[in-house]
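Structure assessment
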2 protein chains.
Amino acid sequence: MNWAIFSIFISILSFLVAGYFYYWIAKLPNPNTKLNKLGSLIRKGSFAFLKKEYSILIIFVGIVSLLILLFFPSPIWESNDIFENISMVISFILGSILSALSGAIGISIATIANVKTALLAKKGIAQAFTCGFRGGAVMGMAVVGTSLFGAASLYLLTNNPNIVLAFSFGASSLALFAKAGGGIFTKTADIAADLTGKVELGIPEDDPRNPAVIADNVGDNVGDVAGMGADLFDSNIAAIAATMVIALPLGEINMLFCFCALGLLSSMIGVFSSRIVGNRTPSKSLNNGTYLTCIIFVALTLLATYYCGFHLRIWCAAMIGMLIGVIIGITSNYFTGDSKTPVKRVAESCKNGSAFTVLSGISYGLLSSLPALIGIGFAALISYKLCDPIGEGYAILGISMSAIGMLSIVGMIISNDAYGPIVDNARGIAEMGNLGDDVIQVADELDSAGNTTKAITKGFAIGAAGLTVISLLAAFSEIVSTQLGEPLNFDIMNPTVFFGALVGVTIPAVFSALLIFGVNKNSQKLVKEIHRQFEEIPGLKEGNVEPEYKKCIDIATVGAIKELIPAGVIAIIATLLVGFIGGVHAIGGFLTGNILSGLLLAMLMSNAGGLWDNAKKYIEAGHCGGKGSSAHKAAVIGDTIGDPFKDTAGPSINTQITVVSLVSSLSASLFLLYSIF
Amino acid sequence: MNWAIFSIFISILSFLVAGYFYYWIAKLPNPNTKLNKLGSLIRKGSFAFLKKEYSILIIFVGIVSLLILLFFPSPIWESNDIFENISMVISFILGSILSALSGAIGISIATIANVKTALLAKKGIAQAFTCGFRGGAVMGMAVVGTSLFGAASLYLLTNNPNIVLAFSFGASSLALFAKAGGGIFTKTADIAADLTGKVELGIPEDDPRNPAVIADNVGDNVGDVAGMGADLFDSNIAAIAATMVIALPLGEINMLFCFCALGLLSSMIGVFSSRIVGNRTPSKSLNNGTYLTCIIFVALTLLATYYCGFHLRIWCAAMIGMLIGVIIGITSNYFTGDSKTPVKRVAESCKNGSAFTVLSGISYGLLSSLPALIGIGFAALISYKLCDPIGEGYAILGISMSAIGMLSIVGMIISNDAYGPIVDNARGIAEMGNLGDDVIQVADELDSAGNTTKAITKGFAIGAAGLTVISLLAAFSEIVSTQLGEPLNFDIMNPTVFFGALVGVTIPAVFSALLIFGVNKNSQKLVKEIHRQFEEIPGLKEGNVEPEYKKCIDIATVGAIKELIPAGVIAIIATLLVGFIGGVHAIGGFLTGNILSGLLLAMLMSNAGGLWDNAKKYIEAGHCGGKGSSAHKAAVIGDTIGDPFKDTAGPSINTQITVVSLVSSLSASLFLLYSIF
């Protein structure tokens, strides 16, 4: 059986599912004109951002395409096969277009589903949940379907994993900018809206008088929906590409596609089964769907392994990956869940002032790296040892297949994750459209389930990225060894490797710092604009006139795009510099350092941020003095600090690591030809 | 010429210099009884802390001695030479005693020099400076003299670098607890005194009515003087021990001792030359002394290299180490100096609230890792490449000699560093003893010079630790290779190595988190006690009655010691666990991960902390709204967060890395015998 062809078949099936859900949501009636107007403001704002972002990224894609044509996989003047260079360019462009497309599809459905969910919340929680979740599932199915379709068809057409790497690079470099740009936008709007609205004027969140309120809702879409979609699109395709590099010489490509296709199939079944039945809570419904997906995946792949005669040991490696993914998700949930000790302790420490809020949050964030990194380490170690006895080269394949296992249920994960901003938006729309307290309460319940799952899926995403980048490192080593004709060794005691590692360590730190600076700078600009509107527009404070929403969106957009460029470009240039200074050995160290500090900082930032957010909510629920107390004020400061941590820098680090790894793999032959040391 | 014997001679000379300075300060007249009383309170409190700390550490030293006797360098029942085990125990105990002793000497002189400096400040800045600086120099000469004396005499007696490693381990494990325990104590007292005094009551810093004010001054001594002394004692001896392991098979021990001895000699000359002449500012006088030391060291070692026929390439490696140390110090100064952009920007951002203070400080802290890590990387890479052509094994020797070069002027560095807390204390004593505004102004000027140099020396210390731990890693590899009889390879693509690296990365994070939690918890206890005193002691607020200073010291002491144990023990146990699970390969990765994330976090925490401290001072000097403005409040929050960053966790990470490296080297043979993978 040719599983690559089967993968294409399953991808098309997933497009049909996505289409069906899209149609199902679109045809839901919407008689409320006020809501329609709000929805269309958000939708227009989101697409305006995307348009601006993509129009700048097209220049980047153009420049990189030219560079690829000239230099990759080898300089065009030394190449025997110029067609390969051309194919890589096409494949790179295809990757970036598909990545952009999945972001656009996600935003398109999310900005319809948000209004419909708000409307359905009038009729009760079950229907509203289904609407919000199916909105997320459109994104999930589209993203995973597209990445699998792209990888499988490029493989069938060219049989050349380099081409798939270029495809992956296209997807990743777009994801880097989408994630970072969206992340800066969303936090710019969020912080500015909170500071001027909640803090200065004392008006509630999502109050329509606040000029930044629409920008805030747009941010949920461009940051959380489009950015996150691009991010997981890129992790998924990178894992497939890296595994392909390793699996091809072993003749195990068929197994790779089998597991990917069955993962997508399991996610489809899981997505259909996620609904509120009886008294089940929204968060239980989401988790049940995830667990069901896992069980189906285990069963289907076991059957396939048995009937197709794949190695059982590789199957075990994939299962270990999936299991450790779930465990990392659960431990992330421990550090950020609002019924757990860390959140309660941080909330308690808020009573002593914001310095203690920050110190305790950062401490827990640092601690949270322990289970995740040990989990990734064990997954890699065990799957390596499991597959080593099969034969030479299989040990490394074990590691990549364990990444594939972890990412198998990614369709379900994206659906859960995109559900979050949709219901968050629905809550905002319900508030802005005065749908009444009952509706807001339902929306709140849906939203809180979204936050809980978000913590789990984020942990999962970082875990998967961790294993993926290890396989990317392996792919890099494989590519260089093949070109050199001898096995390559990244010995830490080699000072070139160590030099690379020291530089690599600083890149995620510098990258995060630049993004946080970006949010800082940009939100201060937006605060100024909001102040201007309140001063210059008479009647705005009283709610008689509508604020100039569009101006706020424009400022946040322009600023976000301006700020994301240096961060992204520095990561890529640093890679090239290290490669041309220290050669492939320095790059091996560089990638290692990058992965190690990247994972640490990503866990720290995501978890500390989530923790502060939930500590604030915990206090708002009436603990430690409740809303308006001094503890609450301290918690709000913590939450503001956590915003760019968890939604801008933290989740962008994954993508940064992937991009840097892919740049290294693609430039391997150049580094071999030209380097100082 | 036998430079080991010369080293002993120079060490004895340094003891004489220390003794002379001690005597010079002690015989300065002190007619002021009030000051005498304050000084004696601080002195008694400091020694009470030391006594309590050491009485607990004696148990730790006892347990570890037993373990060494039983297992190191190889299990006693398998050893051919039980005498070696016994020698290692003796050497370990000697190391810890000498480390404890240098802490005690430092405190002893610092708690005399502080009062005398305050008194001399009446007569003008020049004499006060000399007194403060010579107090620091006692510490500098004693610490470096002791470590060189210990290493040289143990080498001459046994010719066995393992014995010196055990000596180094004794010094380091004591330093770990001294640094972490002192760090928790000092920040507990500082934060509690500030929160209750400055924030709640609005009384000035160092007001004698505040019950924690003496504890705060004690903290400067036990944290900054004793802790820092133990820390640099340990870096210095670790660098010597690691280089000895590498130099012995190459027959280059003589050169090692030559450079160490000449470094100490240069520092002696530098120390004598540091004084205020004419209108020179205190900070200029400190820097001039440092630069002079460097120049003398360059000249002396060049002469020695020429006349003794050492390899000129190794001399170059040492010079590169020294040069890069100075560069790292200067870049640290850029990120924390109060006339530089980062401090001004952070102060500006304080106007928008404390969330922005924190975000911008952390971002700059993250950025600051870039020059330091790249500097360390280049120092290692260049010195390796420089020495590689000499012959096999020399490349690694180049790296360790570059660490020796960086640490050559450590005598001067410690003198500068210990000067800080002495003049800081003098300022406090001047305030508490009502010596008048003129005296306080002089003391302030001395203090501010201390802060500037502190930033430079801290960067220097981290840089030196970075190179030292690379040579410790090399020493570990050398030891294992010798025992295996074949070269060892820590290939990153080996998943056991990678597993170790992932675990290693988390250790500095967990270690820092536990220390910060410790400060958090402990200062909250102390705040309670201060509140109790203000409530229960009538007349305290009015200044009619003296507070119960001793109770505050006791609470801070007991808490600090209780909190430091888990952090220290976890680092050691994690090393043993990783070694017994993954063997020597996992340990190679573990040390790498530990070094990489340790350096990153150390730079982040030290520099962000220093930056916040100076941003606060910058605002207090009248910028951005000045004292009492909302920007100032935000800056105070930043400073409080920075306190445990820069004085507890940040500087303890170095020692944690050294301890873990030494545990690994000493346990190498055990890991070879017993490990799961």
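Computed from a predicted structure; not experimentally measured. (Residues numbered from 1 in each chain as written. Chains lettered and ligands numbered in written order. Predicted model: local features only at pLDDT ≥ 70, side-chain atom pairs only at ≥ 80, totals over all residues.)

Section: the overall build of chain A
Summing up its helical and strand segments, chain A has 17 helices and zero strands in all. Taking 2.2 N^0.38 as the reference for a compact globule, 677 residues should give roughly 26 Å; the C-alpha atoms of chain A span a radius of gyration of 24 Å, in line with that estimate. Across its three principal axes, chain A shows a C-alpha extent of roughly 75 × 50 × 45 Å. Scored against the burial criterion, the 677 residues of chain A give a buried share of 68%. In chain A, the proportion of contacts linking residues at least 24 apart, taken out of those at least 6 apart, comes to 85%. (Helix = DSSP H or I, 4+ residues; strand = E, 2+ residues; numbered from the N terminus. Rg over C-alpha atoms; globule rule 2.2 N^0.38 Å. Buried ≥ 20, exposed ≤ 12 C-beta atoms within 10 Å, placed from the backbone. Contact = placed C-beta atoms within 7 Å.)

Side note on helix H7 (residues 253–273) of chain B
Quick reminder: α-helices carry 3.6 residues per turn. Residues three or four places apart thus point the same way. Between its first and last C-alpha, H7 of chain B extends 31 Å over 21 residues, near the 30 Å set by a 1.5 Å rise per residue. Burial runs high along H7 of chain B: 15 of the 21 residues are buried. (Expected span 1.5 Å × (residues − 1).)

A closer look at unusual backbone geometry
The phi dihedral of Asn 159 of chain A is positive, around 60°, even though this residue is not glycine. On the neighbour-count criterion, Asn 159 of chain A (10 C-beta atoms within 10 Å) is exposed.

Things to note about helix H16 (residues 549–620) of chain A
All names here are of chain A. Along its 72 residues, H16 runs just 28 Å from first to last C-alpha, ending more than 12% under the 106 Å computed at 1.5 Å per residue. Its maximal kink placed at Gly 582, H16 deviates by approximately 130°. Burial analysis of H16 places 55 of its 72 residues in the buried class, the great majority of the element. Just downstream of H16, Gly 622 is the residue with a positive phi angle, here 110°. (Bend = angle between axes of the 7 residues up to and from the residue.)

Considering the packing of helix H6 (residues 213–247) of chain B against H7 of chain B
Helix-helix packing is described using two parameters, namely the angle between the two axes and the distance between the axes. Residues and elements named next belong to chain B. Two elements in contact, H6 and H7, have axes separated by 9 Å at closest approach and are oriented at 155°. Considered as vectors, H6 and H7 are oriented roughly antiparallel to each other. Across the interface between the two elements, Ile 240, Thr 243, Met 244 and Ala 247 of H6 pack against Ile 253, Leu 256 and Cys 260 of H7. Here the residues of the contact of H6 with H7 are counted per class, giving six nonpolar, one polar and no charged. (Axes fitted to C-alpha atoms, helices over the stretch in contact; angles between N-to-C directions. Parallel < 35°, antiparallel > 145°, perpendicular 65-115°, else oblique. Nonpolar A, V, L, I, M, F, W, Y, C, P; charged D, E, K, R; others polar.)

A word on the interface of chain B and chain A
The interface is formed by 59 residues belonging to chain B together with 59 residues belonging to chain A. For the side of chain B that touches chain A, the elements supplying multiple residues, two or more each, are helix H11 (354–387), helix H14 (437–484), helix H15 (495–536), helix H16 (549–620) and helix H17 (630–673) of chain B. Residue classes in the side of chain B that touches chain A are distributed as 38 nonpolar, 19 polar and two charged.

Some thoughts on the relation of the copies chain B and chain A
Mapping chain B onto chain A leaves a residual RMSD of 0.0 Å; the transformation is a rotation of 180° accompanied by 0.0 Å of translation along its axis. Such values leave the two copies arranged in the relation of a two-fold axis. Judged by C-alpha distance, Asp 491 of chain B is the residue of chain B that lies nearest the rotation axis, at 2.1 Å. When you check the interface residues of chain B against chain A, 100% turn up at the interface there too, and the contact is symmetric in its surfaces. (Least-squares fit on C-alpha atoms with pLDDT ≥ 70 in both.)

Let's talk about the environment of Ile 276 of chain A
All names here are of chain A. Tracing the backbone shows Ile 276 in the loop between helix H7 (253–273) and helix H8 (282–308). Taking C-alpha positions, Ile 276 is 39 Å from Ser 512, a pair spaced 236 residues apart along the chain. In this structure, Ile 276 is in contact with Ile 125, Ala 126, Phe 129, Pro 282 and Ser 285, ignoring residues within four places of it in sequence.

Structural notes on the environment of Ile 320 of chain A
Residues and elements named next belong to chain A. Along the polypeptide, Ile 320 turns up in helix H9 (residues 312–336). Accessibility expressed as a C-beta count within 10 Å gives 22 for Ile 320, which makes it buried. Between the C-alpha atom of Ile 320 and that of Met 401, which follows or precedes it by 81 residues, the distance is 9.6 Å. Those residues within four positions of Ile 320 in sequence are excluded, and the remaining contacts are Ala 379, Ile 382, Ser 383, Ser 402 and Gly 405.

Details of the packing of helix H4 (residues 125–158) of chain A against helix H6 (residues 213–247) of chain A
Residues and elements named next belong to chain A. With their axes 10 Å apart at the nearest point, H4 and H6 run at an angle of 30° to one another. As the angle between them shows, H4 and H6 are arranged roughly parallel. Once H4 is placed against H6, the crossing between them reads as right-handed. Across the interface between the two elements, Met 139, Val 143, Val 144, Thr 146, Ser 147, Gly 150, Ala 151 and Tyr 155 from H4 touch Val 225, Gly 229, Leu 232, Phe 233, Asn 236, Ile 237, Ile 240, Ala 241 and Met 244 from H6. The class makeup of the residues in the contact of H4 with H6 is 12 nonpolar, five polar and no charged. (Left-handed = near helix turned anticlockwise from the far one by under 90°.)

A few points about the environment of Asn 254 of chain B
Residue and element names in this part refer to chain B. With respect to the helices, strands and loops of the structure, Asn 254 is situated in helix H7. Asn 254 gets classed as partly exposed once you count the C-beta atoms within 10 Å, which come to 16. As for Asn 254 and Gly 428, which are separated by 174 residues in sequence, their C-alpha atoms are 47 Å apart.

Topic: the confidence of the model for chain A
Taken as a whole, chain A shows an average pLDDT of 90; of its residues, 100% reach a score of 70 or greater. Of all helices and strands in chain A, the one with the weakest mean pLDDT is helix H14 (residues 437–484) of chain A (83), whereas helix H1 (residues 3–26) of chain A scores best (96). (pLDDT = per-residue confidence, 0-100.)

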